[in-house]
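An overview of the molecular structure
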Amino acid sequence: MDVRALLKDAGLAAFVTFMLALPMIGFQTVDVSGGVGITVVTRFGDVAISVVLVFFGRLALSLLQQSNWRLPLLALSAGIALGLPLLKTQAHYPVITWLTVIASAVIAIRAAWLTFDVSGVVGRDESNRMGDAAAFVGRWFGPVFVVFALIFPFLPTTSRYVLDLGILVLTYVMLGWGLNVVVGLAGLLDLGYVAFYAVGAYSYAIIARDFGLTFWACLPLAGLFAAFFGVILGFPVLRLRGDYLAIVTLGFGEIIRIVLLNWTSFSGGPNGISGVPRPSFLGMPFHPNPPEGTTSFHQFFNIDFSAEHRIVFLYYLILVLALVTNFFTLRIRRLPIGRAWEALREDEIACRALGINPTNTKLTAFAIGAMFAGFAGAFFATRQGFISPESFSFIESAVILAIVVLGGMGSQIGVVLAAILLIGIPEFFRELAQFRMLAFGAAMVGIMIWRPRGLLAHRDPSIRLADSAGAGR
Amino acid sequence: MTRTPLLEVDHLTMRFGGLIAVNDISFTAYDREITAIIGPNGAGKTTVFNCLTGFYNAPVGRLRLTGARGEFLLERMDGFRIAQKAGVARTFQNIRLFPRMTVLENLIVAQHNKLMAASGYTVAGLFGLRSYREAEREAIDLARSWLDRLGLTAQADWEAGNLPYGSQRRLEIARAMCTKPVLLCLDEPAAGLNPRESAELRELLTEIRDRHRIGVLLIEHDMSVVMGISDHIVVLDYGRLIADGTPAEVRSDPAVIRAYLGEEETDQIPPEVARDLRQEGRA
Ligand SMILES: Nc1ncnc2c1ncn2[C@@H]1O[C@H](COP(=O)(O)OP(=O)(O)OP(=O)(O)O)[C@@H](O)[C@H]1O
Ligand SMILES: [Mg+2]
């Protein structure tokens with residue numbers, strides 16, 4: 001082991017940290033009390049701590065390559081990750097404490113991974129091993145997730161806030177699953193997916209407001225409109241590939257948003273549409289004093305009115321919508337059209353030589369992906385009760401795409417994990433205040449380094465000879 | 001045996017800017033025969049295939065296919081329809097499998113159009129109707145018969161990209177055959193194969209001709225394959241057709257020898273020597 005090389009490497013990492021941290025952490029602008037201006041506060045102590053942390057973190061990561069260092073480092077980093085929160089230092093140094101905890105946790109996980117890694121001995125390559133792990137996660141965690149999601153609203157730890165967060169995460173899970181059809185299966189890079197989400201939301205809001213249809217009647221219509229827009233967009237652009245397709249879909253997403261922003265008579269412009277009808281349970285509204293002639297939910301079940309009923313109902317609504325999306329996708333993957341999508345992702349020219357119509361195949365992927373976004377949009381509108389173009393900006397498309405890519409293209413469970421990671425976790429780290437996004441970015445970089453093909457990059461064959469031989473009744 | 005014309009190529013011409021890649025070529029390929037297209041590198045062989053299978057639109061020429069599925073003018077059809085309707089299947093000079101799909105899936109995707117109709121354009125398939133399940137089982141059976149034939153049954157659930165090179169070449173042929181074509185176009189199927197594999201390939205191709213009773217168009221540089229199994233050979237050089245006849249005729253054609261060995265060589269060189277010279281030059 002070359003001690004000097006290790007120290008030099010860690011020192012370099014610390015130096016880079018110093019250069020980055022000095023402007024970003026070292027100086028903070030603060031409002032002068034009385035609001036007459038701002039002054040700069042220096043925080044060189046925090047800079048120093050960051051540099052020291054990075055130095056030791058980098059050193060630890062390098063030492064992990066030596067097997068006799070793994071166990072001590074595992075113990076040390078796990079100790080720091082678990083012990084630091086007990087010291088109550090976060091009252092004084094919340095950011096530093098949290099970053100230290102996260103960094104030690106990462107090192108501990110890495111150390112554990114290397115320590116207990118038996119399959120490495122057999123000499124199989126890393127990607128294969130990860131594929132097996134992903135297959136295992138996919139097989140066993142799916143049902144566990146579903147059961148957990150079903151009982152989630154009734155867990156004692158689930159507050160109203162947490163339940164709202166659950167609804168948000170599930171909305172993104174559904175959007176991720178929908179986009180997965182387009183990006184993960186058909187391999188069409190769509191940067192304007194949020195446009196279909198917007199079409200669904202506005203169709204629901206406008207149809208429900210102007211025609212008085214119920215949520216359940218509007219839901220299919222919203223999906224239909226979104227799918228229709230998918231086809232309209234798809235026709236001209238689907239002959240483009242890769243980057244070009246991405247740019248054109250990005251443009252389409254922005255066009256939809258700008259039209260909604262400016263067509264005031266139709267969409268309410270920047271003011272959006274408020275008073276979007278709330279959903280009802282089999283025609284029974286969630287309302288303390290239902291209008292004449294209707295029975296509200298709590299009256300029917302003879303329970304006290306609680307505002308939480310509606311939240312729980314919304315939670316189950318999005319859960320069902322998301323699961324339907326999932327089952328539909330899993331099923332269609334095993335049908336000729338689903339296989340053609342994947343074949344198209346692999347090699348379009350070979351597809352044409354086999355007589356597969358590339359345009360129609362891509363259009364169906366686009367339309368089906370858009371339809372699910374439309375459903376999700378209708379849900380979003382009924383949940384918020386208010387929609388405006390602001391909710392459908394490009395950043396939403398980027399987040400949904402990030403969920404799909406991070407999850408491992410085409411992996412359904414991966415989308416769930418990525419949605420929890422991207423939407424749920426940032427909420428939990430509110431204590432990091434303005435460093436939240438920095439930590440988030442660091443986590444992204446870490447994932448891309450260690451899991452470059454996504455969290456669960458594993459593809460289950462849509463058909464196996466072994467199974468079909470057994471099933472050959 | 002009477003020969004029935006399967007594909008008639010008439011005055012086919014294809015230009016890329018100033019380059020005339022295929023220059024006024026006419027020949028006929030017959031049903032249940034192996035027609036080889038040979039010629040030095042850059043002679044325009046692959047370009048002929050690309051015109052034939054709709055990847056390029058030739059500005060001049062007619063491509064008439066008269067097969068079991070009827071008569072088609074290929075130059076007027078879209079790429080995918082040529083495979084779907086007229087029944088022309090092809091392989092590629094650089095293998096184009098679906099590498100991250102399994103071997104079996106590759107063969108099932110090839111039967112897309114039949115399965116798509118059986119799945120009621122997805123609707124019936126979603127509900128798992130019996131008619132669709134039966135069609136899928138038939139598709140698997142067809143795939144399995146090819147896997148058995150190629151000795152790939154044990155690797156059926158592997159990712160196609162993980163197969164050894166020679167197996168990938170054969171799988172691509174099987175995939176093309178799973179579309180149930182009337183004309184199979186193979187672009188250098190023996191490239192990169194060792195002598196044993198190329199002997200197996202010869203056997204496979206004669207079997208396709210004699211048992212599946214379809215026409216085969218074969219682009220190949222490996223003369224042991226070409227001379228061994230072709231019924232009929234077409235020779236191209238710089239986009240022009242320079243010879244058209246049986247292997248024996250082509251082998252002794254002075255124009256062919258000149259094309260392969262260069263202008264200054266005389267035509268007294270016996271074909272066997274010419275062949276050896278050429279192979280040495282490639283090794
Ligand atoms: N898409 C294209 N654009 C421009 N030129 C092309 C194109 N395709 C082929 N060519 C040119 O046309 C000529 C014939 O090419 P082709 O690929 O048909 O040769 P080939 O006979 O298949 O050769 P090889 O034995 O090397 O495969 C070459 O000069 C090639 O550079
Ligand atoms: Mg070629």
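Residues numbered from 1 in each chain as written. Chains lettered and ligands numbered in written order. Predicted model: local features only at pLDDT ≥ 70, side-chain atom pairs only at ≥ 80, totals over all residues. Heavy atoms only, no water.

Observations concerning the overall build of chain A
Regarding its fold elements, chain A presents 20 helices and four strands. Relative to its 473 residues, chain A shows a buried fraction of 48%. Across chain A, contacts joining residues at least 24 apart in sequence account for 72% of those joining residues at least 6 apart. For chain A, the accessible area works out to roughly 23,400 Å², and carbon and sulfur atoms hold 69% of it. (Helix = DSSP H or I, 4+ residues; strand = E, 2+ residues; numbered from the N terminus. Buried < 20%, exposed > 50% of the residue type's maximum accessible area, 1.4 Å probe, protein only. Contact = heavy atoms within 4.5 Å. Areas by Shrake-Rupley, 256 points an atom, 1.4 Å probe, with all protein chains shown as cover.)

Side note on helix H7 (residues 160-185) of chain A
Count 3.6 residues to each turn of an α-helix, and residues three or four apart come out pointing the same way. All names here are of chain A. Over its 26 residues, H7 runs 36 Å from end to end, which matches the ideal 38 Å to within 8%, given 1.5 Å per residue. Maximum bend of H7: about 40°, positioned at Leu179. Extensive coverage of H7 is indicated by the burial of 22 of its 26 residues. (Expected span 1.5 Å × (residues − 1). Bend = angle between axes of the 7 residues up to and from the residue.)

Remarks on the site of ligand 1
Residues and elements named next belong to chain B. In the neighbourhood of ligand 1, 14 residues make up the surrounding shell, with Gly42, Lys45, Thr46, Thr47 and Gln93 lying closest. With respect to ligand 1, the side chain of Asn41 contributes an N or O atom lying 2.9 Å from an oxygen atom. Contacts to ligand 1 include Gly42, whose backbone N or O atom sits 2.9 Å from an oxygen atom. A total of 630 Å² of accessible area belongs to ligand 1 in isolation, and the protein chains cover 64% of it. Mapped by element, the contributors of at least two residues to the shell around ligand 1 are strand E2 (19-30) and helix H1 (45-52). The biggest single contributor to the shell around ligand 1 is H1, with three residues. Looking at the shell around ligand 1 residue by residue, the class counts come to five nonpolar, seven polar and two charged. (Near = heavy atom within 4 Å. Polar contact = N/O pair within 3.5 Å; in protein donor to acceptor, adjacent residues only side chain to side chain. Nonpolar A, V, L, I, M, F, W, Y, C, P; charged D, E, K, R; others polar.)

Here we look at the environment of Phe44(A)
Structurally, Phe44(A) is set in helix H2 (residues 44-63). The contacts of Phe44(A), once residues within four sequence positions are left out, are Leu22(A), Gly26(A) and Phe27(A).

Topic: the interface of chain A and chain B
Taken together, the 36 residues of chain A in the interface contact 41 residues of chain B. Note on chain A versus chain B: buried area summed over both sides is about 3,400 Å², and carbon and sulfur give 65% of it. Taken together, chain A and chain B are joined by three salt bridges. We note a salt bridge from Glu136(B) to Arg339(A), for which the minimum N-O separation is 3.3 Å. Between the two partners, chain A and chain B, sit five residue pairs in polar contact (both at pLDDT 80 or more). The set of elements that each furnish at least two residues to the side of chain A that touches chain B consists of helix H13 (308-333), helix H14 (336-346), helix H15 (348-353) and helix H20 (465-470) of chain A. Here the element with the most residues in the side of chain A that touches chain B is H14(A); it accounts for eight residues. (Buried area = accessible area lost by both parts, 1.4 Å probe. Salt bridge = Lys/Arg side-chain N within 4 Å of Asp/Glu carboxyl O.)

Describing a nonpolar patch on the surface
Taken together, the side chains of Leu12(A), Phe15(A), Val16(A), Phe18(A), Met19(A), Leu20(A) and Met24(A) present a nonpolar region at the surface, about 690 Å² in accessible area. Structurally, Val16(A) can be placed in helix H1 (residues 3-24). (Patch = residues over 30% accessible without salt bridge, like charges linked within 9 Å, V, L, I, M, F, W, Y side chains within 5 Å.)

Thoughts on the coordination of the magnesium ion (ligand 2)
Reference geometry at the metal: tetrahedral coordination by four donors gives ideal angles of 109.5 degrees; octahedral coordination by six donors gives 90 or 180 degrees. Residue and element names in this part refer to chain B. Summarising the metal site, the magnesium ion (ligand 2) is bound by the protein donors Thr46 (OG1) and Gln93 (OE1), whose distances to it range over 1.9 to 2.2 Å. Here Thr46 is found in helix H1, whereas its partner Gln93 is found in the loop between strand E6 (88-90) and helix H3 (103-109), with 47 residues between them in sequence. When its relative accessible area of 24% is taken as the criterion, Thr46 is described as partly exposed. (Donors = N, O, S within 2.8 Å, 3.2 Å for Na, K, Ca; no water.)

Regarding the sheet that holds strand E8 (residues 215-219) of chain B
Residues and elements named next belong to chain B. As summarised here, the arrangement of the six strands in space is E6-E7-E8-E3-E9-E10, forming an open sheet in which the pairing is mixed. This sheet does not close on itself; its edge strands, each paired only once, are E6 and strand E10 (240-245). Averaged over all pairs of adjacent strands, the angle between their axes in this sheet comes to 20°, without regard to strand direction. In this sheet, strand E9 (residues 232-237) lies alongside strand E3 (residues 34-38) in parallel orientation, the contact comprising four bridges. Looking at the pairing, Thr35 lines up with His232 of E9. Contacts from helix H7 (residues 165-177) reach E6 and strand E7 (183-187), with the element oriented near 160° to E7. (Pairing = 2+ DSSP bridges. Axes fitted to C-alpha atoms, helices over the stretch in contact; angles between N-to-C directions.)

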